[in-house]
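# Notes for the structure review
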Amino acid sequence: MNPSSGDQAYHNRTVNGSPSLDEAGLIRRIAGGDEHALAALYDRWAQPVYALVVQVLRDRDEAEDVVEETFWQVWQRASSYDVSRGAIHTWLLTIARSRALDRLRAKQRRKGESLTTRGDALQVFAESDPERDAEGGERRTIVIAAMRELPEDQRRTLELAYFGGLSQSEIADYLRQPLGTVKTRMRLGMQKLRERLGFLRETSA
Amino acid sequence: MSDERDIPRDAAGVPSPDVPMTPPDNTMDDDFASYDLDGYVLGALADDEAAQVRAAAQGNSRLAEEIERRHEIITQLAFAAPVHHINRGRSAGIRSRLVSRAVSSREGHVPVSRRTADLLRPLLRRDPSPRDTTARGGTRDEARSGATTSTAASTTTSTTTSFTAPLDSTSALQLRAVRRNYRLALGVLAAAATVVIAWQQSRIAGAGNAVRSVFATREQATARRLDSLLVASAHKDSVIASFAGPNMKVIDLINYSSQSPLARMFWEQKTAQWTMYAYHMRQPKPGKTFQVWLVTKTAPAPISAGTFTPNPDGSYVMHAKYALDANALVKVAVSEEPTGGVPAPTGPIIIAGAER
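The structure presented is a predicted model; accordingly, all values stated were derived computationally and were not measured. (Residues numbered from 1 in each chain as written. Chains lettered and ligands numbered in written order. Predicted model: local features only at pLDDT ≥ 70, side-chain atom pairs only at ≥ 80, totals over all residues. Heavy atoms only, no water.)

## Details of the overall build of chain A
When you go through chain A residue by residue, the secondary structure sums to ten helices and zero strands. Reading chain A from its N end, one meets helices and strands in the order α-α-α-α-α-α-α-α-α-α. Taken across its 205 residues, chain A has 57% of its residues classed as buried. Contacts in chain A between residues far apart in sequence, at least 24 positions, make up 65% of those at least 6 positions apart. (Helix = DSSP H or I, 4+ residues; strand = E, 2+ residues; numbered from the N terminus. Buried < 20%, exposed > 50% of the residue type's maximum accessible area, 1.4 Å probe, protein only. Contact = heavy atoms within 4.5 Å.)

## What about the pairing of strand 4 (residues 288-296) of chain B?
Residues and elements named next belong to chain B. Within strand 4, seven of the nine residues are buried, which leaves it mostly tucked inside the rest of the structure. Alignment of strand 4 against strand 5 (residues 303-308), held across five bridges, turns out to be antiparallel. In the sheet register, Trp293 faces strand 5, and the bridge partner there is Ser304. (Pairing = 2+ DSSP bridges.)

## Some points on the confidence of the model for chain B
All names here are of chain B. Per-chain confidence: chain B averages 70 in pLDDT, with 62% of residues scoring 70 or above. Helix 7 (residues 130-162) is the least confidently modelled element of chain B, averaging 34 in pLDDT, while helix 2 (residues 37-41) averages 93, the highest of any element. Predicted confidence for residues 1-27 stays below pLDDT 50, and this span has 56 contacts to residues more than four positions away or in other chains. Contacts for the low-pLDDT stretch residues 109-170, under 50 throughout, to residues beyond four places or in other chains number 65 contacts. Overall fold confidence (pTM) sits at 0.50, and the ipTM for the predicted complex is 0.83. (pLDDT = per-residue confidence, 0-100.)

## Some details on unusual backbone geometry
Trans peptide bonds make up the majority, and among non-glycine residues the majority have a negative phi. Backbone geometry places A:Arg58, a non-glycine residue, at a positive phi of 60 degrees. With respect to the element layout, A:Arg58 can be found in the loop between helix 3 (35-57) and helix 4 (60-77). Residue A:Arg58 is classed as partly exposed on the basis of its relative accessible area of 46%. With a phi angle near 60 degrees, B:Ala272 is a residue other than glycine that sits in the positive phi range.

## Things to note about the pattern of salt bridges
Residue and element names in this part refer to chain A. Counted under the stated rule, the structure contains 24 salt bridges over all chains. Among the ionic pairs, Glu149 bridges to Arg196, the shortest N-O distance being 3.0 Å. Here Arg196 lies in helix 10 (residues 179-203) and Glu149 lies in helix 7 (residues 138-149), a separation of 47 residues in the sequence. A single salt-bridge network, built from bridges that share partners, covers Asp59, Glu62, Asp65, Glu69, Arg103 and Lys107. (Salt bridge = Lys/Arg side-chain N within 4 Å of Asp/Glu carboxyl O.)

## Observations regarding the packing of aromatic side chains
Each pair of aromatic rings is reported with the distance of its centres and the angle of its planes. What the rule picks out here adds up to nine aromatic pairs over all chains. Between A:Tyr42 and A:Phe71, the aromatic rings sit 5.0 Å apart at their centres with planes inclined by 65 degrees, giving edge-to-face as the arrangement. Here A:Tyr42, found in helix 3, pairs with A:Phe71, found in helix 4; they are 29 residues apart in sequence, far enough to count as distant. The pair formed by A:Tyr42 and A:Phe71 is uniform in burial state, with each residue classed as buried. A centroid spacing of 5.7 Å and a plane angle of 45 degrees characterise the contact between B:Phe290 and B:Phe308, whose relative ring orientation is tilted. Placement of the pair is B:Phe290 in strand 4 and B:Phe308 in strand 5, with a sequence separation of 18 residues. Grouping residues by exposure puts B:Phe290 and B:Phe308 together as buried. Three or more aromatic residues joined by ring pairs form one cluster here, namely B:Phe290, B:Phe308 and B:Tyr316. Residue placement shows A:Arg139 over the ring face of B:Phe79; its charged tip is 4.9 Å from the ring centre. Positioned above the aromatic ring of A:Trp72, the side-chain terminus of B:Arg101 is 4.2 Å from the ring centre. (Phe/Tyr/Trp six-rings, centres within 6.5 Å; stacked < 30°, edge-to-face > 60°. Lys NZ or Arg CZ within 6 Å of the ring centre and 35° of its normal.)

## Points about the nonpolar core
A:Ile27, A:Ile30, A:Leu41, A:Val49, A:Phe71, A:Leu193 and B:Leu42 are the most contacted members of the largest nonpolar core, which has 79 residues in total. Take this core: its biggest share by element is 14 residues, from helix 3 of chain A. Once residues lying within four places of it in the same chain are set aside, the contact partners of A:Leu41 are A:Leu26, A:Ile27, A:Ile30, A:Ala46, A:Phe71, A:Val74 and A:Ile88. With 25 residues, the next largest nonpolar core counts B:Leu253, B:Met265, B:Ala328 and B:Val332 among its residues. (Core = buried A, V, L, I, M, F, W, Y, C linked by side-chain atoms within 4.5 Å.)

## A few points about the packing of helix 4 of chain A against helix 5 (residues 88-111) of chain A
Residue and element names in this part refer to chain A. Close contact between helix 4 and helix 5 brings their axes to 9 Å; oriented N to C, the two are set at 130 degrees. Viewed along their axes, helix 4 and helix 5 adopt a mutual orientation that is oblique. Between helix 4 and helix 5 the crossing geometry is right-handed. Between helix 4 and helix 5, the residues in contact are Glu62, Asp65, Val66, Glu69, Thr70, Phe71, Gln73, Val74 and Arg77 and Trp91, Leu92, Ile95, Ala96, Arg99, Ala100, Arg103 and Lys107, respectively. Among the residues forming the contact of helix 4 with helix 5, the class breakdown is eight nonpolar, two polar and seven charged. (Axes fitted to C-alpha atoms, helices over the stretch in contact; angles between N-to-C directions. Parallel < 35°, antiparallel > 145°, perpendicular 65-115°, else oblique. Left-handed = near helix turned anticlockwise from the far one by under 90°. Nonpolar A, V, L, I, M, F, W, Y, C, P; charged D, E, K, R; others polar.)

## As for the side chain of A:Glu64
By secondary structure assignment, the location of A:Glu64 is in helix 4. Classification of A:Glu64 as buried rests on a relative accessible area of 9%. Engagement of the side chain of A:Glu64 in a polar contact is seen with the side chain of B:Arg90, the distance being 2.8 Å. In contact with A:Glu64, other than residues within four places in its own chain, are A:Tyr50, B:Arg90 and B:Ile94. (Polar contact = N/O pair within 3.5 Å; in protein donor to acceptor, adjacent residues only side chain to side chain.)

## What to know about the side chain of A:Thr157
Note that A:Thr157 resides in helix 8 (residues 152-162). Setting aside residues no more than four positions away along its own chain, A:Thr157 makes contact with A:Ile171, A:Leu175, A:Val182, A:Arg185 and A:Met186.

## Some points on the packing of helix 3 (residues 47-58) of chain B against helix 4 (residues 61-75) of chain B
Residue and element names in this part refer to chain B. As a packed pair, helix 3 and helix 4 sit with axes 6 Å apart at the nearest point and diverge in direction by 125 degrees. As summarised for this structure, helix 3 and helix 4 are arranged oblique, according to the angle between their axes. Contacts between helix 3 and helix 4 involve Val53, Ala56 and Ala57 on the former and, on the latter, Leu63, Ala64 and Ile67. Residues that form the contact of helix 3 with helix 4 fall into these classes: six nonpolar, no polar and no charged.

This is the structure in structure tokens:
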């Protein structure tokens, strides 16, 4: 199967065969104790959540645990979630990233390592590979293109922070740059991303 | 993704970040310049800096909205993560566990419904479906058939055309007749060839359909088997989830003389399910049976939870359903009683125990 089309089909699949789901409605149903709504949300978002968590943890078995924890947390907290706050997937992916980083930090504490020891493994955008970049849908293509347009130092700062969970101080240590420089790179990079990706907020609800 | 249909595209229809999308809105950057909001949404600030931003956002809805806005932007980076495909079988397992945990948390141990099994099926269905394959096979057959007919027709035309060369005028009538006959013969031959080819194709297509039908039947049988395994697995997950849940109480029933545990009772309060695992039980005397009793603070006399006769190896698993207040249970006991049981205990207590 063509990975791209397969992935697209995976993203598009819904329980009812409908091309789109009312995610706010799903969250309301989950809050009301409807396990089928949880299953539907899982069907729609398990794949992107898994991809993010694997990127953070670099461990597929642990990533599966985190995916389950993430959706379980959605089940438990759905009643307190304000659907007017924004896209549901923002909430979902934020939970997934937090849980993945928690687990990563715990693992590295056990091993006596610091997060910066894996900095080199976090070069998500280091090499352009059009075939791989095209996998996973248009949104991914757009985000990767926007990241690749950033100057290398800004891009590196953002990927170390987002996928590596490094603080600004840790990034400064890792890159051997002053803290102020890291803050500036982060601010400029984010400013450009807002310009490039702002429209995705409007199409994501 | 379906929600990407509104993504701006360039002239060729390719989604492009070069197309002007949203006008840059940097006013907020100036308004909140004193806070490192980008560091905050990335979770990259030192604790004291992050606490400052949190405190400021609590009393400032515009700042809170701006943080939310930036949060949504940075979350887009998640989509840039390299695509790692989750194993479908394991994903189905995660889904199944989530559903059973959700059911357990909502109302305790409840068997997984058929609808849940139906929900699981799409994850495991192989694409393309047999029906799709058949449809495409048919289309291919049709295309092949069309192509052959077209080739035959083209051959006919080509051959006919080669007979339109100049001819001797004296034999014109005869030649015209020959040509007419020849054309007729060719037409008949072409028609016969078409019929033979169509017949052969129909045989091939028939054989193909038979093979597809066998595979489709096998696939349906496999899907049914998979469904039943998933339902069984979800059921076990549900039992495990309820055993591990906070509402489970465990009571060990021990023999008074040896003090060694001979039975363990699991009481799922939410669903009022009682499950007792008994081991090393002797057989009751002739005309007798063992009867289980719940001694409570609320009832004036012990409540019968059922009778049982152990298996030859002395083990027994007993299930009962009885609703009881969480704090009402004092003791669980097993006594030896006349066959059929009695309304109140009369015989000797064999094992008994209180909640741990």
